[in-house]
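Single-letter residue listing:
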Amino acid sequence: MSPNIRDISQEEITKEIIKALLLANTNKKKIIAEILNKLNLKIFLDIPYRSIDFTSESLCKCILFMELKGLNQQNLEIYLKTHKNERKKLGLKRTPDQTNISNFIRTKIDEEILRIINLTVKKIEEHAGKKDIVLDSIKIKRKTNKKKGKNKAKHYLKKRMTHEVSKLFKRRILPFIDLKIKHNCIYNERIMVTLFLHIAKENEFAENGADTLRIALKKEKFQCPKCKSFLYPKDEFSDDCEDENKFVCLKCDYEKRISPLGATFRYRLKRWKSPSEILDNFSRIFEVLWQMTPESKALKRPDVIAGFDTTEWLYYGKRDNKYIVGKKEDRGTTWCYRFMTINIVQAGKRYTLYTLPKTQFDSQQDLLKKLIEFARAHVRIKLALLDRGFFNTESQKLLQSYGIHYIMLIRKDSNIKEILKVNPIPFILNGCVMKGEVSYNMAAVERLKKGKKVIYAYATNIPLDGTDMEKEANWIASEYSRRWGIETSYRTKKQSYLPKTSSKDYRIRLFYFFFAVLLYNMWILADVLVCLEINGKVESKHLVTANFFRSSFFYIDPGG
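All figures in this text were calculated on a predicted structure; none of them were measured in a lab. (Residues numbered from 1 in each chain as written. Predicted model: local features only at pLDDT ≥ 70, side-chain atom pairs only at ≥ 80, totals over all residues. Heavy atoms only, no water.)

Engineer: For the overall build of the protein chain, give the residues involved together with the corresponding values.
Structural biologist: Each helix and strand counted, the protein chain has 20 helices and twelve strands in total. Once the C-alpha set of the protein chain is aligned to its principal axes, its extents read approximately 90 × 60 × 45 Å. By the burial criterion, 51% of the 560 residues in the protein chain qualify as buried. A separation of at least 24 residues holds for 66% of the contacts in the protein chain among residues at least 6 apart in sequence. Accessible surface for the protein chain amounts to roughly 27900 Å². Of this, 48% is attributable to carbon and sulfur atoms. (Helix = DSSP H or I, 4+ residues; strand = E, 2+ residues; numbered from the N terminus. Buried < 20%, exposed > 50% of the residue type's maximum accessible area, 1.4 Å probe, protein only. Contact = heavy atoms within 4.5 Å. Areas by Shrake-Rupley, 256 points an atom, 1.4 Å probe, with all protein chains shown as cover.)

Dropping the structure here:
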């Protein structure tokens, strides 16, 4: 007899899942198979089944494995045939084909059991995130008919693949966001993140965004967790203004609040004790997301071209914390929040490896060193690109101490202007010395800017022989032009993923900025994965736009 969900408590399932997570060897790469191997399904999912080649427990673990990996039945068969160790962990002596799985699902899996399976998947992902366990994921090329594939519209494939990738990110990444929410809170992390996505999508403040989100969610179909009937807006049956934020089940009177107020959302962000807690949390999330990138699966750290730059968020108010720093007057203020970032700047892969806020007590070199240390744990920097703000002895010494080749714009002081006057453009000048401490090579080119000729001078530690000055100088300028991709990434983060706020609380500002960077990175990674799936290569032009990904990510389970 199939188990009834009403006889099985979530506490029982949660208890067994936590036990399996603790027993699983998380040092191994195949985390999902290891967890399912330790999970005793018979306690809450014992299905009567005539065992010939496969037991009901092993087939149930196959279904859980398929859901957690994001595979379909065809790809599950392909994957298990090529990964025998994982197949053994699921309790299988041989690989079940699609017929075996389909027959088991059709004859033995009813609605109640399906609910238990979905709940188990959700709890595994939720508690894995809380215990900092990164569940491995896979991306397999689908077997498609080549003739049929040519006739399929690219926009349909893009839409379907973006939906799948968005679902994977929402299930894998969101559990790692710690909003200090306890078990007895009305709103969980998912609905709080949904509110952030909404105010980012609408470019709204939290208060107005909460009101418009409530209206948007009323169009969604929510099921009652008790009787599985649909929930309906309570204000349609009541004149009480307090019922505006509630859904109700007409069958069992279950009630659910659908959207937090803006004040509730801000209160949650203020539960962080200090900005360092937010930094630690997002550092861990960036690590998790990096492990999902194709580059992280290489046998060695990939070689990348990295760009370093700073961005500012203007501030109007009292200078009452160390994160507010001075700047040149801009739009009526001389104060701002400043962040330094390191980005991969190859075309189509403008991924933000990490970002750090600047305080009144941080030097430029302190932040630069921290960013380099973080990056070197994941990639090898074959070339660093920096703007004229880094043209100083300390930054050049630091880059050379790590053995990093760099190109940076030169700040044109009186000495540099004199050199540019006496040398015909373009030119290469080796052995330049700054303050008698740092030696560098100079390259200068002439470009048109708004109809006027402008001379650009670059400092580099790349050896230049000067035999073909024009070719070498133009190559330096061409390589440096990659850095402008950072400006584009800043514009995308601020316009597509950063909500409006007038809050003076730096914890809110810091969370907003880091979450915007996280969403930007997920968009870049989604675009890379979709390009690889559809075109077989990463192209310089984005296949998935920032706005399309943001909307797709929001509409995956918007009600939390």
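Engineer: Break down empty space enclosed by the protein for me, with residues and values.
Structural biologist: On inspection of all chains with the given rule, the structure shows two cavities of 30 Å³ or more. Taken as a whole, the largest cavity encloses approximately 50 Å³ of empty space. As for the largest cavity, its lining consists of Glu125, Ala128, Gly129, Ile133, Val134, Leu135, Arg171, Arg172, Pro175, Phe176 and Val288. Only helix H7 (111–130) and helix H9 (154–172) provide two or more residues apiece to the lining of the largest cavity. Top element by residues in the lining of the largest cavity is H7. It accounts for three residues. Split into classes, the residues belonging to the lining of the largest cavity amount to seven nonpolar, one polar and three charged. Counted as a void, the second largest cavity has a volume near 40 Å³. Of all the elements, helix H13 (residues 275–290) adds the most residues to the lining of the second largest cavity, at three residues. The residue inventory of the lining of the second largest cavity, partitioned by class, reads five nonpolar, one polar and one charged. (1 Å grid on protein atoms, 1.4 Å probe; cavity = no way out; pocket = protein on both sides within 12 Å on 5 of 7 lines; lining within 4 Å. Points joined across faces, edges and corners; volume = space filled by probe spheres on them. Nonpolar A, V, L, I, M, F, W, Y, C, P; charged D, E, K, R; others polar.)

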